[in-house]
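Analysis of the macromolecular model
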Amino acid sequence: MPPIFDFEAFPILTTPRLILREFAPDDAAAIFRIRGDVRVTRLNSGKPMEKLDEAKELIDKAQKAFADKRRID
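Quick caveat, the model's predicted, so the values are computed rather than measured. (Residues numbered from 1 in each chain as written. Predicted model: local features only at pLDDT ≥ 70, side-chain atom pairs only at ≥ 80, totals over all residues. Heavy atoms only, no water.)

**Some points on the side chain of Thr41**
With respect to the helices and strands, the residue Thr41 is situated in helix H2 (residues 38-41). Once residues within four sequence positions are removed from consideration, Thr41 is found in contact with Ile34, Arg35 and Pro48. (Helix = DSSP H or I, 4+ residues; strand = E, 2+ residues; numbered from the N terminus. Contact = heavy atoms within 4.5 Å.)

See below:
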């Protein structure tokens, strides 16, 4: 059975109101605003982010996982 996803290029999913794309380093501040907000993260596992560096680490881990063909975040 062929793989479902080939990991050659990160997919971009587009709707009239939304674009889902790979994280970029410039997204760190926006990710931190979302993941650092207790009201947003209260139903997630883990605690809210406390530092911008945590968002940068999340981006780095997601990009590495994709490069290693392990997962897509």
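Let's pick the thread back up.
**Description of the packing of aromatic side chains**
Under the counting rule described, the total for this entry stands at two aromatic pairs. When the ring of Phe10 is compared with that of Phe66, the centres are 5.0 Å apart and the planes differ by 55°; the resulting orientation is tilted. Highlighted residues: Phe10 in the segment before strand S1 (13-14) and Phe66 in helix H3 (residues 52-67), separated in sequence by 56 residues. Members of the aromatic cluster, connected to one another through ring pairs, are Phe7, Phe10 and Phe66. (Phe/Tyr/Trp six-rings, centres within 6.5 Å; stacked < 30°, edge-to-face > 60°.)

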